[in-house]
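# Fold and geometry: a report
Spelled out, the chains give:
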Amino acid sequence: MYNIVLFGPPGAGKGTQSEKLIQKYGLTHLSTGDLFRKHLGEGTELGLLAKKYMNEGHLVPDEVVIGMVENKISETKDTHGFIFDGFPRTTAQAEALDKMLENHKMEISGMIALEVPQEILKERIKERGKTSNRVDDQDDAKINTRIKVYLDETLPVADYYSGQNKLTKINGVGKIEKIFAEIASVIDSY
């Protein structure tokens, strides 16, 4: 079983690479963004709360996110593992994820971090915003806030997994297939 944290700033290509990894390895995609959008679409109380934070470009509080992830893990049976996309975003979430997985007799196999320069991130996010209808992908100030939040609050998660010898950094710029081949090579080494 593989439990992979696919890591990187907004616009790094996590969603694109996740789709390819799901097909190749039969993993269950666990994206907090997807979980939030599901709740937003259903108009749940949790969705409305998440929307407030997301529209401001801020992180949704840990207890909300962790509860959603725990539900998804508990209800998912017969999987070859999980690919965590957009989670954990804080060291506290990473610690909670480790405990949660331990309760399910699982652990993180590794973190794969996609590295992309900020200017390229901004271009990618704006391009995605043209087709995604996501408010936060179309506004320069919100894009800058999201990148700053990533650098200030999320990037330390890489240090957490590095301390467990579970971090691999990959250049996220280039042809999608080449980046995918590098990621698959890392996963195959687990």
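Along each chain, residue indices are assigned from 1 in the same order as the chain's sequence is written. This being a predicted model, a pLDDT of at least 70 is required before a residue's local features are given, and a value of 80 or more before pairs of side-chain atoms are given or counted; all residues contribute to the totals for chains, interfaces and linings. Hydrogen atoms and water are omitted, and side-chain values are computed over all heavy atoms in the structure.

Now for the overall build of the protein chain. Helical segments are the DSSP runs of H or I of at least four residues, strand segments are the runs of E of at least two, and each set is numbered from the N terminus. What the protein chain contains, in helices and strands, is 9 helices and 5 strands. Ordered by position from the N terminus, the helices and strands of the protein chain form the series β-α-β-α-α-α-β-α-β-α-α-α-β-α. Atoms considered for the radius of gyration are the C-alpha atoms alone. The globule rule reads 2.2 Å times the number of residues to the power 0.38. The C-alpha atoms of the protein chain give 16 Å as radius of gyration, which agrees with the globular expectation for 190 residues (16 Å, within 12%). The principal-axis extent of the C-alpha atoms belonging to the protein chain is close to 40 × 40 × 30 Å. Contacts in the protein chain between residues at least 24 apart in sequence constitute 76% of all its contacts with a sequence separation of at least 6. Accessible surface area values rest on a Shrake-Rupley calculation with a 1.4 Å probe, where residue burial reflects the displayed protein chains alone. Summed over all atoms, the accessible surface of the protein chain reaches about 9,900 Å², with 49% contributed by carbon and sulfur. Within the protein chain, the 29 negative side-chain charges are centred at a point lying 3 Å from the centre of the 25 positive side-chain charges. The contact criterion used is simple: two residues touch if any of their non-hydrogen atoms lie within 4.5 Å. Note on charges: Lys and Arg go in the positive column, Asp and Glu in the negative column, and His and the chain ends are not counted at all. The location of each charge is read from NZ of Lys, CZ of Arg, CG of Asp or CD of Glu.

Let us look at the nonpolar core. The definition of a nonpolar core used throughout is a set of buried Ala, Val, Leu, Ile, Met, Phe, Trp, Tyr and Cys residues joined through side-chain atoms within 4.5 Å. Residue exposure (1.4 Å probe, protein chains only): buried if accessible area is under 20% of the type maximum, exposed if over 50%, otherwise partly exposed. Membership of the largest hydrophobic core comes to 29 residues, with the highest contact counts inside it found for Phe 7, Val 69, Ile 73, Phe 84, Leu 97 and Tyr 161. For this core, the element with the highest residue contribution is helix 4 (residues 62–75), accounting for 5 residues. Leaving out residues up to four positions away in the same chain, Phe 84 has contacts with Asn 3, Ile 4, Val 5, Leu 6, Leu 30, Val 69, Ile 73, Leu 97, Leu 101 and Ile 108. Counting 21 residues, the second-largest nonpolar core is a separate cluster that includes Leu 21, Leu 121, Ile 170 and Val 186.

The next subject is the pattern of salt bridges. One speaks of a salt bridge when a side-chain nitrogen belonging to Lys or Arg is within 4 Å of a carboxyl oxygen belonging to Asp or Glu. Applying the stated criterion to the full structure yields 9 salt bridges. Three or more residues joined by partner-sharing salt bridges are found here, namely Arg 128, Asp 137 and Arg 146.

What follows is about helix 4. Taking 1.5 Å per residue, 14 residues should reach 20 Å; helix 4 reaches 20 Å between its end C-alpha atoms and fits that length. Taken as a whole, helix 4 has its buried residues at Val 64, Val 65, Met 68, Val 69 and Ile 73. Buried residues along helix 4 cover an arc of 160 degrees about the axis, so they all sit on one side. Facing away from the buried side of helix 4, by more than 90 degrees, are the exposed residues Glu 63, Asn 71 and Glu 75. Where helix 4 is buried, its residues contact strand 2 (28–31), helix 2 (32–42), helix 3 (45–55), strand 3 (81–85) and helix 5 (91–103). A helix is expected to reach a length of 1.5 Å times the quantity of its residues less one. Note that the arc is computed from the directions linking the helix axis to the C-beta atoms.

Looking now at the side chain of Gln 17. Position of Gln 17 relative to the elements: it lies in helix 1 (residues 14–25). Among all residues touching Gln 17, those that are not within four sequence positions of it are Leu 6, Leu 114, Ile 176, Ile 179, Phe 180 and Ile 183.

Attention shifts here to the packing of aromatic side chains. Any pair of Phe, Tyr and Trp rings, taking the six-membered ring for Trp, is counted once the centres come within 6.5 Å. Such a pair is stacked with planes under 30 degrees apart, edge-to-face with planes over 60 apart, and tilted for the rest. Tallied over the full model, the rule gives 4 aromatic pairs. Centroid distance Phe 82 to Phe 84: 5.9 Å. Interplanar angle 35 degrees. Geometry classified as tilted. Across the pair, Phe 84 and Phe 82 agree in class, each one buried. Relative to Tyr 161, the ring of Tyr 160 has its centre 5.0 Å away and its plane inclined at 85 degrees; by these criteria the two rings are edge-to-face. For Tyr 161, a relative accessible area of 0% corresponds to the buried category. A cation over a ring is seen here: Lys 20 above Phe 180, with NZ or CZ 5.3 Å from the ring centre. Sitting over a ring, as applied to charges here, requires NZ of Lys or CZ of Arg to be within 6 Å of the ring centre and within 35 degrees of the ring normal. Taking the ring centre of Tyr 53 as reference, the NZ or CZ of Lys 52 above it sits at 4.8 Å.

Notably, Asp 78 is not glycine yet its phi reads approximately 55 degrees, a positive angle. For Asp 78, the position within the fold is in the loop between helix 4 and strand 3. Judged by its relative accessible area of 83%, Asp 78 falls in the exposed class. Of note in this structure, Asn 165 is not a glycine but carries a positive phi near 55 degrees.

Further remarks concern the pairing of strand 4 (residues 110–115). With 5 of 6 residues buried, strand 4 is to be regarded as a mostly interior element. Two strands pair under a simple rule: DSSP has to find at least two bridges between them. Across 4 bridges, strand 1 (residues 2–7) lies against strand 4 in parallel orientation. Each residue of the ladder has a partner; that of Val 5, found in strand 4, is Met 111. Relative to strand 5 (residues 167–171), strand 4 runs parallel, the two being bridged by 5 bridges. Considered in strand 5, the bridge of Met 111 is made with Leu 167.

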